Amino acid sequence: MQAATPIPTDVSYLEYKGKYKGIFSWIFSTDHKRIALLYLYSMMVMFLVGVLLGLAMKLELIAPGKTIMEAKDYNAVFTVHGVIMIFMIVVPGLPAVFGNFLLPIMIGAKDVAFPKLNLLSWYIYVLGALLVIASVLFGNGTPDTGWTFYAPYSFKTGTNLLPAIFGAFVLGFSSILTGLNFIVTIHRMRAPGMTWTKMPLFPWTLYGTGWIQLLATPVVGITLVLVSLERIFGIGVFDPALGGDPILYQHLFWIYSHPAVYIMILPAMGAISEIIPTFAQKHVFGYRAIVASTLAIAFVGYFVWGHHMFTAGMSGTAQYTFSLLTFLVAIPSAIKVFNWISTMHQGSIRLETPFYWAASFIFVFMIGGLSGLVLGSLATDVYVHDTAFVVAHFHFIVFGGVGFAFFGAIHYWFPKMFGRMYDKGLANTGWIVFFIGFLALYAPMFYLGMKGMPRRYYDYLPEFHAANILSTLGSWVMAFGLVIILINLFRSAKHGPKADKNPWNGKTLEWTVPSPPPVENFAETPVYGEKDGPYEYQ
Amino acid sequence: MEHTVHQTHDHYDPEASKIGMWLFIFTELLLFGGLFVIYSVYRFLNPEAFHLAAEELNRAIGTINTIILLVSSATIAMATSAIQKNNKRQTLLLMLVTVLLALTFLVNKYFEWGAKFGHGIFPGSEHMIQTMSKGEILFFGLYFIMTGLHALHIIIGMAFIIFVMVLTARGKIHSERFALLENSGLYWHLVDVIWIFLFPLFYLIH
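In this text the structure is predicted, and so the values were computed from the model without any measurement.

### Observations concerning the overall build of chain A
Part 1 of the reasoning: Summing up its helical and strand segments, chain A has 16 helices and one strand in all.
Part 2 of the reasoning: For chain A, whose C-alpha radius of gyration is 23 Å, the value lies close to the compact-globule estimate of 24 Å for 538 residues.
Part 3 of the reasoning: Taking the principal axes of the C-alpha coordinates as reference, chain A spans close to 65 × 55 × 45 Å.
Part 4 of the reasoning: Counting every position in chain A, which comprises 538 residues, the buried fraction comes to 63%.
Part 5 of the reasoning: Pairs at least 24 residues apart make up 81% of the contacts formed inside chain A by residues separated by at least 6 positions.

Shown next, in the form of structure tokens:
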């Protein structure tokens, strides 16, 4: 056993070097805060790649016919866009960045339960990302199956699919380890006196998310392995020519990939549940209802995968069941929205950037959620299935929901993470430009879908032209907003004015430690007394 | 500048590592769970073919391998008891026996698979496509995937146990601190339990 080394309590995690120097003090660090930033930066890079691919698709769709790329390049672009955005950004995003940074601090711990495993998860993440990039750069042809890797095309296509599939598998493994780490951390390392019902809501959502990561990801893992083996050896399980069933692939894929939507959205809801009480300066309304709805979403979300396959061929009974279960998920989501709005009611609201993001989150989440009901009903789903309507719906949820929550979270916790404040005027400008661009980009797709424009086509009929122009213009406005946001944040991380330890007057534990926090977070382990709680305002 | 310092505690929480291991075991069960689902679907759709194909498997080797794994599970459990009595020699010996049994299992598996390959039964074989029904092809496809993935887990388990042996030999694992040894045992039991399901599904039921 090593001799205990003293770790200073008044040196921030950004300055403390440990035993390594330079870049090694980051990539060998087991400090949860440094790992969070490693994730943040690696995701930022992949996110920008994904955004550029998205912009390329919108540019292609500015006019009917070929604009900048061939049909098969378009297939490759939407595949890589999907794989990057889903497996590298929105699934791991909030847990890996904000979960890592804040979970231990919010529950009063020095680190996560398994710090080395935490660092390993980041390495696995990078390996997965490199594999996906390798599938683009090498081999004959970029993967063109869509991010869902549907059988039988995924083992018939001649493109370089294996590294991408394996990359998705590896990224899933990283996600499992993060979830496992968080669950154990929450069980074992809460501060003395912090009972389950006194735990802040963001850790609660991470807890729910951890369980979904753990219970759903292995299923897609084995499914992806099987597709790879099918490609290499021709084992037959998904190949109709050898007796297999490609629909079974879709079932197994969505058994994971629908719960994955809740892996994405739950921590986003958690971040919103932290931001709103702080900027309303009021105890969160219906704490227990929010916790219960978090667990309900995690649970029911496991049983709704079939709604992705209403037109793929399943029995009427299965269709009704999946449709009913899908409607059930809407209830806990609506409970949360009700609670957020009620938290604001009679609060003293401060209009700061994080609050704007949170409010617009509720707006886009409502649109995304309600359009989801259109897709969850059998009759209407058959009509809009595989149209631009679906694309609009899941971008409102996944980009609007998760993305807005992510930006809200980064503007909320930025002073804590970097110890500096950003330019609020510029941040607000970035938000409004981004918000307007977002709506202009995705709202026309609802209309296009209702009118019958299919998704995943690089071409369309002339009557869809006007709405597509609006959508493409929207993508430029949104990208411009994104540039403002990123420049502001990057500049402020280095040169912004020093931030106070509690600039927003928050009541959760992360606001009791200095900004940026010292290496082991707390000089003394905090203790929750009888009357203490995470949202005790007044 | 003077720093206010405090001691870093040695974060040893055996309870946490055990919870972690159990959670990981859940994920492994679900990994195989996907395969068991596929197996049940195709067995339900092709009962005759699965019956015919199962006749081809060597039940004797399957039984021997089952016994080997059961004994190895016992030895690793005994190793956990031995370390609690601080009997390092006995612990190492029992772990060595476990690893040797695992190796024997793999050797048997090698001969079993080799015999199948010799008869032209392997994934993607022309012989299978020409002479077998679709159900039989699926049976053997699943047989190779599931026993193959299980064999991979045997190898991982062996590596895990050898790693723990090294730590035990160096005195890092002792009667006060043996969560890792216990975890390697838990993992080994998982590998064993999966085989307990694979064995009847492929070799016994008709």
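Past the structure itself, the notes keep going.
### Notes on the overall build of chain B
Part 1 of the reasoning: From N to C terminus, chain B includes seven helices and one strand.
Part 2 of the reasoning: When the elements of chain B are put in sequence order from the N terminus, they spell out β-α-α-α-α-α-α-α.
Part 3 of the reasoning: For a compact globule of 206 residues, the expected C-alpha radius of gyration is about 17 Å, and chain B comes in at 21 Å, more than 25% above that figure.
Part 4 of the reasoning: Here the C-alpha coordinates of chain B stretch approximately 80 × 40 × 25 Å along the principal axes.
Part 5 of the reasoning: Counting the 206 residues in chain B, one finds 51% classified as buried.
Part 6 of the reasoning: Here the contacts in chain B between residues at least 6 apart in sequence split such that 83% fall between residues at least 24 apart.
Part 7 of the reasoning: For chain B, the exposed area adds up to about 9900 Å²; of that, 68% sits on carbon and sulfur atoms.
Part 8 of the reasoning: When the 12 positive and 14 negative side-chain charges of chain B are each reduced to one mean point, those points stand 8 Å apart.

### Focus: the interface of chain B and chain A
Part 1 of the reasoning: On the side of chain A, 45 residues touch chain B, which itself brings 39 residues to the contact.
Part 2 of the reasoning: At the boundary of chain B and chain A, one finds one salt bridge.
Part 3 of the reasoning: Note that Asp13(B) is salt-bridged to Arg188(A), the shortest N-O span being 2.9 Å.
Part 4 of the reasoning: There are four residue pairs in polar contact (both at pLDDT 80 or more) connecting chain B and chain A.
Part 5 of the reasoning: Considering every element that reaches the side of chain B that touches chain A, the biggest residue donor is helix H1 (residues 14-45) of chain B, with 16 residues.
Part 6 of the reasoning: For the side of chain B that touches chain A, the residue count by class is 20 nonpolar, 13 polar and six charged.

### A look at helix H3 (residues 71-90) of chain A
Helical periodicity: at 3.6 residues per turn, an α-helix aligns residues three or four positions apart in one direction.
Part 1 of the reasoning: With 20 residues, H3(A) ought to run about 28 Å at 1.5 Å a step, and its terminal C-alpha atoms sit 27 Å apart, in line with that.
Part 2 of the reasoning: Judged by how many residues are buried, H3(A) sits mostly within the fold: 16 of 20 residues are covered.

### Notes on the pattern of salt bridges
All names here are of chain A.
Part 1 of the reasoning: This model, assessed by the stated rule, comprises nine salt bridges over all chains.
Part 2 of the reasoning: Linking aspartate 31 and lysine 33 is a salt bridge whose minimum nitrogen-to-oxygen distance equals 3.1 Å.
Part 3 of the reasoning: Taking the relative accessible area as the measure of exposure, aspartate 31 reaches 9% and is therefore buried.
Part 4 of the reasoning: Sharing partners across several salt bridges, the network here consists of Arg350, Glu352 and Lys424.

Criteria and thresholds
- Residues numbered from 1 in each chain as written.
- Chains lettered and ligands numbered in written order.
- Predicted model: local features only at pLDDT ≥ 70, side-chain atom pairs only at ≥ 80, totals over all residues.
- Heavy atoms only, no water.
- Helix = DSSP H or I, 4+ residues; strand = E, 2+ residues; numbered from the N terminus.
- Rg over C-alpha atoms; globule rule 2.2 N^0.38 Å.
- Buried < 20%, exposed > 50% of the residue type's maximum accessible area, 1.4 Å probe, protein only.
- Contact = heavy atoms within 4.5 Å.
- Areas by Shrake-Rupley, 256 points an atom, 1.4 Å probe, with all protein chains shown as cover.
- Lys, Arg positive; Asp, Glu negative; His and termini not counted.
- Charge placed at Lys NZ, Arg CZ, Asp CG, Glu CD.
- Salt bridge = Lys/Arg side-chain N within 4 Å of Asp/Glu carboxyl O.
- Polar contact = N/O pair within 3.5 Å; in protein donor to acceptor, adjacent residues only side chain to side chain.
- Nonpolar A, V, L, I, M, F, W, Y, C, P; charged D, E, K, R; others polar.
- Expected span 1.5 Å × (residues − 1).

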